[in-house]
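The residues making up each chain are set out below.
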Amino acid sequence: MRGIIKSLATTMSTFIRGPVTHGYPSKHRELPERDRAFPLLLWDKDIDEPFCTGCHACERACPVECMTVIMKDNPNHESQDGNSKRRKIVDEFWIDYGRCMRCNICVEVCNFEAIAMNNTWSGHETSVYDRADLVMDLPQLMAQSKSDEIQEWVAD
Amino acid sequence: MVIESAPDFETQDLLINVGPQHPSTHGVFRMILEVDGEIVKDLIPHIGYLHRGAEKLCENNDFRQGVGYMDRTEYLASHNAELSYVMAVEALAELEVPERAQWIRMILCELNRLSSHFMFLGAFGVDVGVFGTPFIYAWREREALIDLFEEISGDRMMYAYFRAGGLAWEVPGNFEERVREVLVSTRQGMKDFDNLLTRNEIFLARTKNVGIISAEDAIELGMSGPTLRASGVSLDIRKSEPYMYYDQIDFEVPIGTNGDVFDRYIVRLKEMEQSVSIIEQCLERLNDGPIMPERMPRMLRLPEGQEVYIRTEAPRGEYGIYLVSKGGNKPWRLKVRSACLSNLQALKKMSVGQYVADAIIILGSIDIVLSEVDR
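All of the points below concern the structure found in this document.

## A few points about the overall build of chain A
Then, in step 1: On a plain count of helices and strands, chain A comes out with four helices and seven strands.
Then, in step 2: Seen in sequence order, chain A has helices and strands lined up from the N terminus as α-β-β-β-α-β-β-α-β-β-α.
Then, in step 3: Seen through its principal axes, chain A has C-alpha atoms that stretch 85 × 35 × 30 Å.
Then, in step 4: Scored against the burial criterion, the 156 residues of chain A give a buried share of 43%.

## Some words on the interface of chain A and chain B
Then, in step 1: The interface of chain A with chain B comprises 33 residues on the first partner and 35 residues on the second.
Then, in step 2: Taken as a group, A:Arg34, A:Arg36 and A:Met101 account for 24% of the area that chain A buries against chain B, more than any other trio of residues on that side.
Then, in step 3: Where chain A packs against chain B, one counts seven salt bridges.
Then, in step 4: Linking A:Arg102 and B:Asp155 is a salt bridge whose minimum nitrogen-to-oxygen distance equals 3.4 Å.

## What to know about empty space enclosed by the protein
All names here are of chain A.
Then, in step 1: Scanning all chains against the criterion turns up three cavities of 30 Å³ or more.
Then, in step 2: Taken as a whole, the largest cavity spans an internal volume of roughly 90 Å³.
Then, in step 3: Every residue lining the largest cavity is counted, 15 residues in all, and those nearest its centre are Cys52, Cys55, Cys58, Phe93 and Cys110.
Then, in step 4: Across the lining of the largest cavity, the residue classes break down as 12 nonpolar, three polar and no charged.
Then, in step 5: Roughly 70 Å³ of volume is contained in the second largest cavity.
Then, in step 6: In this structure, the second largest cavity is lined by 14 residues; those nearest its centre are Cys62, Pro63, Cys100, Cys103 and Cys106.
Then, in step 7: Residue composition of the lining of the second largest cavity, grouped by class: 12 nonpolar, one polar and one charged.

## Thoughts on the sheet that holds strand β6 (residues 304–314) of chain B
Residues and elements named next belong to chain B.
Then, in step 1: Ordered in space as β6-β7-β8, the three strands form an open sheet in which the pairing is antiparallel. Since the sheet does not close on itself, it has two edges, and those belong to β6 and β8 (333–337), each with one partner. Put simply, the sheet's adjacent strands are angled 10 degrees from each other on average, direction ignored.
Then, in step 2: Looking at chain direction, β6 and strand β7 (residues 317–326) are connected through 10 bridges and run antiparallel. Each bridged residue has a counterpart across the sheet, and for isoleucine 310 the counterpart in β7 is isoleucine 321.

## Focus: the packing of aromatic side chains
Then, in step 1: Counted by the stated rule, this structure contains 16 aromatic pairs over all chains.
Then, in step 2: When the ring of A:Phe38 is compared with that of A:Tyr97, the centres are 4.6 Å apart and the planes differ by 15 degrees; the resulting orientation is stacked. Within this pair, whereas A:Phe38 is found in the loop between α1 (2–13) and β1 (39–41), its partner A:Tyr97 is found in the loop between β5 (88–96) and α3 (105–109), the two being separated by 59 residues in sequence.
Then, in step 3: Three or more aromatic residues link up through ring pairs in this structure, and these residues are B:Phe120, B:Phe124, B:Phe203, B:Phe262 and B:Tyr265.
Then, in step 4: The ring of B:Phe120 has B:Arg268 sitting right over it, with the charged end atom 4.2 Å from the ring centre.

## Points about the pairing of strand β3 (residues 39–46) of chain B
All names here are of chain B.
Then, in step 1: In terms of strand pairing, strand β2 (residues 30–36) meets β3 through seven bridges, oriented antiparallel. Paired with glutamate 34 across the bridge in β3 is aspartate 42.
Then, in step 2: In this antiparallel pair of consecutive strands, β2 and β3, the connection spans two residues, and glycine 37 shows a positive phi of 65 degrees.

The rules behind each value
Residues numbered from 1 in each chain as written. Chains lettered and ligands numbered in written order. Predicted model: local features only at pLDDT ≥ 70, side-chain atom pairs only at ≥ 80, totals over all residues. Heavy atoms only, no water. Helix = DSSP H or I, 4+ residues; strand = E, 2+ residues; numbered from the N terminus. Buried < 20%, exposed > 50% of the residue type's maximum accessible area, 1.4 Å probe, protein only. Contact = heavy atoms within 4.5 Å. Buried area = accessible area lost by both parts, 1.4 Å probe. Salt bridge = Lys/Arg side-chain N within 4 Å of Asp/Glu carboxyl O. 1 Å grid on protein atoms, 1.4 Å probe; cavity = no way out; pocket = protein on both sides within 12 Å on 5 of 7 lines; lining within 4 Å. Points joined across faces, edges and corners; volume = space filled by probe spheres on them. Nonpolar A, V, L, I, M, F, W, Y, C, P; charged D, E, K, R; others polar. Pairing = 2+ DSSP bridges. Axes fitted to C-alpha atoms, helices over the stretch in contact; angles between N-to-C directions. Phe/Tyr/Trp six-rings, centres within 6.5 Å; stacked < 30°, edge-to-face > 60°. Lys NZ or Arg CZ within 6 Å of the ring centre and 35° of its normal.

Laid out in structure tokens, this is it:
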């Protein structure tokens, strides 16, 4: 009997404790800086083009083969009277968020710091009606970096 | 008490299917119970519903990519699963892991043991029949630990944080304070569980002398971890074959006496107290330094024709990795020795002769993770 009274006392003590839950989805918990959702591509604001040169490093290192990259000659290169130092640039880029296992390896292998893990809530709330909608193309991957919605955290 | 039927009353055994989609089976475990009235006469387990071929996938992935798959074999204690894998690779590649990385690994593994045991305590409470209270308490404490893992590694369950040679990246600046902060709430949570369950008469009536397994049987079935120690065998790989810096740490190995369901509960609760003390000792010894070896090759290649078996003490028992290399940057063969699979062998021995309702708590007391059983 004493044991039951003791356990009831423990239960009762929660009446004076504050709530520990968050009122999701109306209220969002603050995410840590390193939070990893899905990978995004970054936009070079100085030159107005992506950082990504389409070098296939991330594509080769991806354990689940969720990326497809196509490279092209940069039309904005210095030799073409442009202001960019990048000889090659990404033409097309697809990431299948349905396959991605969020391991951060693509960020680690990138030589140009052109890819980063989304650390905002937009990366976690990605539910769609059709699985094909989870395959992100270049404009979709760039959108958040262009509009300054992510503060990238790249592991050194 | 079994009511004896009248001699002219014809009875027959009944086959009951439990699972695979049943919340009390902790995943997708299926067992077929042959019952006589309420007594279990036979138990046939069926596994394999969660088989994803993680071992085979690792053979096609290099040593950095494999870490992510190890997370998924043991999703409640991913740090411990990663540890065995990276230690096996380090043993073959003869990499010297920096001191700081070792201490951080130890802290994270012990924290993961805490979060995994909290999960056990909560789920076990549900199995015993107190839905709600312990479960939600356990999740509250586990949440604090998982938030800490998220701050360090970026993910809440699939950390992918250990690398062959050290760690993927440095821990945040306020690491020590945050760990100490979390330990305070963890202590309080353990005290709550102690008050809530350990001396609760209803809980004792459900768990004492249920699902007994003797030390001899436990050893013969290849059990390990808290499930083995509850039977009175003092075998802890951290103590018997110290890896990392466990030989510099002062801790005890709690053992049970009876080998029943209650002992398996209390051994885990006592083990959590030891984990807290281990983490505190590790924090005192934590110093600055590199987290990766200086001469780390860009692409890790293992020597040809070598093999290694590394075992570590994961929350559920011995988590072993058998790695065979035939050169190159991928394992030729990788075998995961899962503690849950071996512990699950004891289920029949424990359950036969018990009530049907007790078969569920016996399964809960083994604390299986089906992804580790099936891999």
